[in-house]
Amino acid sequence: MAQLLFTIIIVILIADFMLERYLAFLNIKQSGKELPLLLRDIYDTEKYAKQQEYFRTNSRFGMLTSSFSFVIILLMLIFNGFAWVDGLVQQQVQSPIWTPVLFFGILYFANDILSIPFDLYDTFVIEQKFGFNKVTPKLFVLDKLKGYAMTLILGGGILVLIIWIYTLTPTYFWLWAWLVVTGFSLFMTMFYSQIIVPLFNKQTPLGEGELRTEIEKFALKSDFKLDNIFVIDGSKRSTKANAYFSGLGSKKRIVLYDTLMDKMTVEEIVAVLAHEVGHYKHKHTLINFLISLPYTLVLFFAFGFILQSDVLAQALGANEASFHLNALAFSILYSPISLVLDTAMHVLSRKFEYQADAFAAKYGYGSQLESGLKKLTATSLGNLMPHPLYVFFHYSHPTLFQRITAISNS
Ligand SMILES: [Zn+2]
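By the naming in an unreviewed UniProt entry, the protein chain goes by Ste24 endopeptidase and is assigned to Paludibacter propionicigenes. Comment text from UniProt for the protein chain, heading Subcellular location (unreviewed entry), reads "Endoplasmic reticulum membrane".

**Looking at the coordination of the zinc ion**
Taken together, His275 (NE2), His279 (NE2), Glu353 (OE) and Glu353 (OE) make up the full set of protein donors to the zinc ion, lying 2.0 to 2.8 Å away. In this structure, the zinc ion is coordinated by four donor atoms arranged in irregular fashion, with angles at the metal of 52 to 136°.

**Concerning the packing of aromatic side chains**
Within the structure shown, the criterion is met by 28 aromatic pairs. Here the aromatic cluster, defined as three or more aromatic residues joined through ring pairs, consists of Tyr166, Phe173, Phe300, Phe303, Phe323, Phe330 and Tyr334. Lying across the ring of Phe132, Lys240 places its NZ or CZ 4.5 Å from the centre. For Arg253, the ring lying beneath its charged end belongs to Phe230, and the centroid distance is 3.9 Å.

**Examining helix α15 (residues 366-379)**
An ideal rise of 1.5 Å per residue puts 20 Å on 14 residues; α15 measures up with 20 Å between its terminal C-alpha atoms. When we look at burial in α15, the residues that qualify are Gly366, Leu369, Glu370, Gly372, Leu373, Lys374, Leu376, Thr377 and Ala378. Buried residues belonging to α15 abut α2 (45-78), α9 (258-261), α10 (266-281), α14 (335-362) and α17 (400-409). Downstream of α15 by a residue or two, Leu381 has a phi angle that is positive, lying close to 50°.

**A few points about the sheet that holds strand β2 (residues 229-232)**
Here four strands make up an open sheet; going across it, the order is β1-β2-β4-β3 and the pairing mixed. On the outer flanks of this sheet lie β1 (203-205) and β3 (243-246), each paired with one strand and no other. Neighbouring strand axes in the sheet, compared pairwise and without regard to direction, differ in orientation by 30° on average. Strand direction decides the pairing type here: β2 and strand β4 (residues 253-257), joined by four bridges, are parallel. Within β4, the residue paired with Ile229 across the bridge is Ile254.

**What to know about the domain arrangement of the protein chain**
Taken domain by domain, the protein chain holds domain 1 (1-30 + 47-200 + 282-409) and domain 2 (203-275). Centre-to-centre separation of domain 1 and domain 2, based on C-alpha positions: 28 Å. Counting from both sides, the interface comprises 36 residues of domain 1 and, opposite them, 30 residues of domain 2. A combined buried area of about 3000 Å² lies between domain 1 and domain 2, and 59% of that area is made up of carbon and sulfur atoms. Scanning the region where domain 1 abuts domain 2 turns up three salt bridges. In this structure, Lys240 and Glu127 form a salt bridge, with 3.4 Å as the shortest nitrogen-oxygen distance. For the interface between domain 1 and domain 2, the tally reads 15 residue pairs in polar contact (both at pLDDT 80 or more). Counting residues per element, the ones that place at least two in the side of domain 1 that touches domain 2 are α5 (137-168), α6 (173-195), α7 (197-200), α11 (284-307), α14 and α15. When residues in the side of domain 1 that touches domain 2 are grouped by element, the largest group, seven residues, is from α15. Each residue belonging to the side of domain 1 that touches domain 2 can be placed in one class, and the counts come to 18 nonpolar, 11 polar and seven charged.

**Focus: the packing of helix α3 (residues 81-92) against helix α13 (residues 323-333)**
For the pair α3 and α13, the least separation of the axes is 11 Å and the interaxial angle reads 155°. Viewed along their axes, α3 and α13 adopt a mutual orientation that is roughly antiparallel. For the crossing formed where α3 meets α13, the hand is right-handed. Residues Phe82, Asp86 and Gln90 of α3 form the contact with α13, whose participating residues are His324, Leu325 and Leu328.

**Structural notes on the environment of Phe118**
For Phe118, the location among the structural elements is in helix α4 (residues 98-129). The spatial distance from the C-alpha of Phe118 to the C-alpha of Asp41 is 34 Å, given a sequence separation of 77 residues. Here Phe118 is in contact with Phe61, Leu64, Thr65 and Phe68, once residues within four sequence places are set aside.

Rules used in this analysis
Residues numbered from 1 in each chain as written. Predicted model: local features only at pLDDT ≥ 70, side-chain atom pairs only at ≥ 80, totals over all residues. Heavy atoms only, no water. UniProt positions renumbered as here; feature names shortened; annotations may be inferred. Donors = N, O, S within 2.8 Å, 3.2 Å for Na, K, Ca; no water. Tetrahedral: all angles 85-135°; square planar, octahedral: opposite > 155°, others 65-115°. Phe/Tyr/Trp six-rings, centres within 6.5 Å; stacked < 30°, edge-to-face > 60°. Lys NZ or Arg CZ within 6 Å of the ring centre and 35° of its normal. Helix = DSSP H or I, 4+ residues; strand = E, 2+ residues; numbered from the N terminus. Expected span 1.5 Å × (residues − 1). Buried < 20%, exposed > 50% of the residue type's maximum accessible area, 1.4 Å probe, protein only. Contact = heavy atoms within 4.5 Å. Pairing = 2+ DSSP bridges. Axes fitted to C-alpha atoms, helices over the stretch in contact; angles between N-to-C directions. Domains from an automatic or database assignment. Buried area = accessible area lost by both parts, 1.4 Å probe. Salt bridge = Lys/Arg side-chain N within 4 Å of Asp/Glu carboxyl O. Polar contact = N/O pair within 3.5 Å; in protein donor to acceptor, adjacent residues only side chain to side chain. Nonpolar A, V, L, I, M, F, W, Y, C, P; charged D, E, K, R; others polar. Parallel < 35°, antiparallel > 145°, perpendicular 65-115°, else oblique. Left-handed = near helix turned anticlockwise from the far one by under 90°.

See the structure below:
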C-alpha cells in the first residue's frame with residue numbers, strides 16, 4: 001500500500017510538471033504569431049521586439065525555476081529526504097505541536113533560501129535589464145525580513161492553532177479547523193489593507209486636483225464613497241502600474257498605484273477606477289469569500305480523513321505516522337483536485353472581469369478603459385498572444401484582445 005501511494009505521489013508530481021511545461025511550450029509557440037488588427041497599435045516595431053525578448057527571457061527563466069524545484073522535490077521523495085528531516089526534528093523535539101511546527105519551519109526556510117538566488121536574478125537582472133526594477137538591495141533585504149516575520153507570526157500562529165485543534169479532537173478536527181481558518185480569512189479579507197499592506201507600502205488618501213474632481217463626478221453618479229480611494233507607492237518597487245479593489249463592507253477600498261498617474265490620462269484612470277467600482281457593485285469579493293467556504297470545508301474534511309492514515313508516512317519513507325508527514329503527502333495527493341478547483345476559480349474570475357469592464361462601459365468609460373488597458377499592457381511589456389489553453393488554466397483576467405472586443409460590443 002505504501003509503495004502504491006508513493007507511486008501515485010510521484011506520478012502526480014510528474015504529470016503536473018509535464019502539464020505546466022506543455023502549457024508554457026504552447027504559449028511560447030503562440031507568441032510568435034501575427035497580431036490581430038485590433039492589437040497592432042499597442043507596440044511599435046522596436047518596442048514589440050523588446051516585448052518578445054522580455055517574454056522569451058521570462059519563459060526560459062520560468063522553465064529553469066520550475067525544473068529546479070521539480071528535481072529537488074523528486075530527489076527528496078526518492079531518497080526519503082522528508083523522513084530524514086522528520087527524524088532530525090524528532091531527535092530534538094518530541095511534542096505533538098512543536099515537532100510539526102519545527103518540521104514545516106525547516107522546510108519553509110530551506111525552500112526560501114534555495115529560492116533567493118532566483119529572486120535576486122529576477123529582480124536585479126531581468127527586471128533591471130528591461131527597466132522595471134526600482135528595488136534597492138536594502139529594500140530587498142528589508143522585504144525579506146518583514147516577510148519572514150509575517151510568516152512566523154501569521155503562518156506559525158495558524159499552524160499551531162490547527163495542530164492544537166487536532167490534538168484536542170481528531171474526529172471533529174475538520175469542522176473546527178474549518179471554522180478557525182474561515183474566521184481568519186474573513187478577518188484578513190477585511191483588514192488586509194489596514195494591517196498587512198502598511199508593512200510594505202504607504203497608502204495615502206486621494207489628494208486634491210484634477211483627478212479627484214473627475215473621480216468625484218463619477219463617484220456621485222455611481223454612488224461610491226470617495227474616502228475609500230487610496231493611492232499606493234507602487235513606484236517603490238517597480239515601474240509597472242496597477243489598481244485593485246479589496247475588503248468587505250465598511251472596510252472596502254480601491255487602491256490606485258502612483259505609477260498609473262504618470263502613464264495615463266485622468267479619464268483613463270477614472271475608467272480603471274470605474275472598473276474597480278464595478279467589482280464592488282457586483283459584490284465580487286463577497287462571492288469569492290462565500291465560494292471559498294464549501295471549498296475549504298471539503299479540503300479540511302479530506303485532510304482530517306488523511307490525517308488518520310498510517311501508510312502515508314511510510315510512503316514518504318518514515319516508520320511512524322505523524323501529523324506533518326501526512327499533511328505533506330496530502331498536499332501532493334490533493335493537488336490534482338486543487339488544479340481543477342483553481343481552474344474553475346479562474347473561469348469565474350475572468351467572468352467577473354468582464355462584468356467590471358461592462359460596468360465601466362455602462363457609465364460611458366468604455367473607450368477610455370480600452371486605451372487605459374492598452375497603455376497598462378504596453379508599459380509592462382505584456383504578452384498580447386497567450387495560448388487559449390494557457391489562458392484557460394492560468395489567467396485571472398481575460399486577454400487584452402478579449403476585453404477590448406467585449407468592451408466595444410457592450
Ligand atoms: Zn478587475
